[in-house]
Amino acid sequence: MATNKLHIAIVSSPGIGHLSPVLLLADRLVNNHNLHVTVIAVTTSTSAAQSQLISSITTNNHLSVIQIPAADISSIVAPDAKIVTQLCVMMKETVPSIRSVISAMDQHRPHVLIGDIFAYESWVVAEEFGMQKFVFVTSNAWFTGLFVYSPVLDKKVVGQYVDQTQGFEIPGCRHVSPDDVVDPMMDRADDSYRAYLDQAVRVTLTDGMLINTWEDLEPQSLDALRNNDILRSVVNNKPVYTVGPISRRSEPVDVKSGVIEWLEKQPENSVLYVSFGSGGTISHEQTKELAWGLEMSQQRFVWVVKPPTGKGSDGSYFSQMGGTPVPPDYFPDGFMTRTQKLGFLVSSWAPQVEILNHKSVGGFLTHCGWNSTLESITSGVPMIVWPLYAEQRMNATMLTDELEVAVGPAVLPTKKVVGREEIEKMIRVLMESRKGKTIRDNAKMLQESSDKAIKGSSGISIRKFIEDCWSRI
Ligand code: UDP
């Protein structure tokens, strides 16, 4: 390794939604900004997708990935604990392994340690080794505003957030509706809420924040984080760097998968892609209504089907499988036969970026995970929002009300089963109506803005981050 390069270690917590942007950020820092990066990927053994993702990264002298198994927390955390609790405890218990990895780099110790928001315990290791410490928020600036301001809201708001009648003022940002608060705020009595508040405070004690967004996407929230007196003091006047969109791009492949071969035969912009991300699941009843809605809309579709769960939400967060045929008993009688020409079903896992970039795809029914959202935006594909967990309700509101690149159901899918007629209507609006045209046009404009940001504002911001790191060495 050349010693004149800035060396950065980036810690990723388990979950495709964290690991994927961390690897992509590492790749961008090495290839566009000439840095040396070591990714420390904490992974769980249940996710084959995580290992696959790591092996797809081209490592070299300047980019290395060290995979470490997440600590076994089965004796300290109940198996039904919320994902946030599990991730926070898992990352805390994994600190000794992270320390060993950093300690072993005694010849070329990284100057900087970046962690995603669940990797906050590893900043202790950065302090021990005299490294600078930064957080990489793999979501957006509006979420960041709510997140860092949550310890203040904790003191101000009495009772459950979800029972309030008015939205929450986040200084300088759009307000957040009680329905849209992030998962750990849904129940203040749950352990995950305490873990979330701790996490929020720890993030403000870093040397700065890198956020997977860009200036033109969220000017208001970014301005608030940097210039609003109240919010700026909450983040201790720390710098905010925009690095987005950090998002996977479609790459040419030698052998096309079945779904891509099927897409090749469909007309341009005619197919709705349906997926609830790596972790999202829906109930039996909702699966049947969705099947009816798709069939009644008479639009073409690709649907990534996961086994239905009791009430849905983040049921497959730690385990993504795939490959087995989709059992017909998930659907209404005869659905698979009747939609044989119209639709293509994929079991559990699909090549999402390749699908979204295919010219036949004209819409995306999505759970609004931030990576999926960015992949849709960077492909110019308008959306139907179907938020399930984490900060996805805020993402959905941003997409429908602010950016106007999506439609969504009247009542959140986490509150009530979305009926077949409403699903049919949303699909028709997005794929064929006049109202849909404005949304489709907006999606194309947003794609252009995302393209410009990579070389433009976010490139400048990353260079500023590098300069600021050097100035402290
Ligand atoms: N993904 C994929 N195939 C699938 C489901 C998900 O490639 O069938 C990828 C998707 O492209 C995205 C990531 O997994 O990059 C999911 O991240 P996101 O933030 O959207 O949601 P999460 O799964 O973390 O809730």
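The structure presented is a predicted model; accordingly, all values stated were derived computationally and were not measured.

1. What to know about the nonpolar core
- The biggest cluster of nonpolar side chains holds 96 residues, and the ones touching the most others in it are Leu146, Leu153, Met185, Tyr273, Val302, Ile355 and Leu399.
- Considering every element that reaches this core, the biggest residue donor is helix α6 (residues 141–156), with eight residues.
- Not counting residues within four places of it along the chain, the set of residues in contact with methionine 185 comprises Leu146, Ser150, Leu153, Tyr161, Tyr193 and Tyr196.

2. Looking at the environment of serine 347
- Along the chain, serine 347 turns up in strand β10 (residues 343–347).
- What makes serine 347 buried here is its relative accessible area of 12%.

3. Digging into the packing of helix α16 (residues 420–432) against helix α17 (residues 434–455)
- It is the contact of α16 with α17, at a shortest axis distance of 6 Å, that shows an interaxial angle of 60°. Like other packed secondary-structure pairs, α16 and α17 cross with a definite hand, here right-handed. Side by side, α16 and α17 meet where Val429, Leu430, Met431 and Glu432 of the first sit next to Arg434, Lys435, Gly436, Ile439 and Arg440 of the second.
- Classifying every residue of the contact of α16 with α17 by side-chain character gives four nonpolar, one polar and four charged.

4. A short note on the state of the cysteines
- Counted according to the given criterion, the structure contains zero disulfides.
- The thiol of cysteine 173 is unpaired, and the distance to the nearest cysteine sulfur, on cysteine 368, comes to 19 Å.

5. Details of the sheet that holds strand β3 (residues 63–69)
- Taken in spatial order, the seven strands of this open sheet run β3-β2-β1-β4-β5-β6-β7, and their pairing is parallel. Only two strands of the sheet have a single partner each, and these edge strands are β3 and β7 (240–242). If you compare each strand with its neighbour and ignore which way they point, the axes differ by 20° on average.
- Set on the sheet, helix α2 (residues 48–55) makes contact with β2 (36–43) and β3; between it and β2 the angle comes to about 165°.

6. Some thoughts on the site of the ligand
- Near the ligand lie 19 residues; those nearest to it are Ser278, Ala350, Ser372, Glu375 and Tyr389.
- Within the side chain of serine 278, a nitrogen or oxygen atom sits 2.4 Å from an oxygen atom of the ligand.
- In the environment of the ligand, a nitrogen atom lies 2.7 Å from a nitrogen or oxygen atom belonging to the backbone of alanine 350.
- Relative to its free-state accessible area of 540 Å², the ligand is covered by the protein chains to the extent of 95%.
- Of all elements in the fold, only α1 (16–31) and α14 (370–379) reach the threshold of two or more residues within the shell around the ligand.
- Here the element with the most residues in the shell around the ligand is α14; it accounts for four residues.
- Tallied by class, residues from the shell around the ligand come to six nonpolar, 11 polar and two charged.

7. Details of the side chain of serine 283
- Mapped onto the secondary structure, serine 283 falls in the loop between β8 (271–275) and α11 (284–297).
- Within polar-contact distance, the side chain of serine 283 engages the backbone nitrogen of glutamine 286 at 3.0 Å.

8. Re the packing of aromatic side chains
- Evaluation of the coordinates by the stated rule reveals 15 aromatic pairs.
- Centre to centre, the rings of phenylalanine 143 and phenylalanine 147 are 5.3 Å apart; their planes meet at 15°, and the pair counts as stacked. Separated by four residues within a single helix, phenylalanine 143 and phenylalanine 147 lie in helix α6, roughly one turn from each other.
- Three or more aromatic residues joined by ring pairs make a cluster, and in this case those are Phe301, Trp303, Tyr330, Phe331 and Phe335.
- Against the face of tyrosine 161 rests arginine 188, its NZ or CZ located 4.5 Å from the ring centre.

9. Regarding the pattern of salt bridges
- Overall, the coordinates contain 17 salt bridges when judged by the stated rule.
- Here arginine 174 and glutamate 402 are joined by a salt bridge, their closest N and O atoms 3.6 Å apart. Within this pair, whereas arginine 174 is found in the loop between α6 and α7 (191–203), its partner glutamate 402 is found in helix α15 (residues 392–402), the two being separated by 228 residues in sequence.
- For arginine 174, a relative accessible area of 29% corresponds to the partly exposed category.

Conventions adopted
Residues numbered from 1 in each chain as written. Predicted model: local features only at pLDDT ≥ 70, side-chain atom pairs only at ≥ 80, totals over all residues. Heavy atoms only, no water. Core = buried A, V, L, I, M, F, W, Y, C linked by side-chain atoms within 4.5 Å. Buried < 20%, exposed > 50% of the residue type's maximum accessible area, 1.4 Å probe, protein only. Helix = DSSP H or I, 4+ residues; strand = E, 2+ residues; numbered from the N terminus. Contact = heavy atoms within 4.5 Å. Axes fitted to C-alpha atoms, helices over the stretch in contact; angles between N-to-C directions. Left-handed = near helix turned anticlockwise from the far one by under 90°. Nonpolar A, V, L, I, M, F, W, Y, C, P; charged D, E, K, R; others polar. Disulfide = S-S within 2.5 Å. Pairing = 2+ DSSP bridges. Near = heavy atom within 4 Å. Polar contact = N/O pair within 3.5 Å; in protein donor to acceptor, adjacent residues only side chain to side chain. Areas by Shrake-Rupley, 256 points an atom, 1.4 Å probe, with all protein chains shown as cover. Phe/Tyr/Trp six-rings, centres within 6.5 Å; stacked < 30°, edge-to-face > 60°. Lys NZ or Arg CZ within 6 Å of the ring centre and 35° of its normal. Salt bridge = Lys/Arg side-chain N within 4 Å of Asp/Glu carboxyl O.

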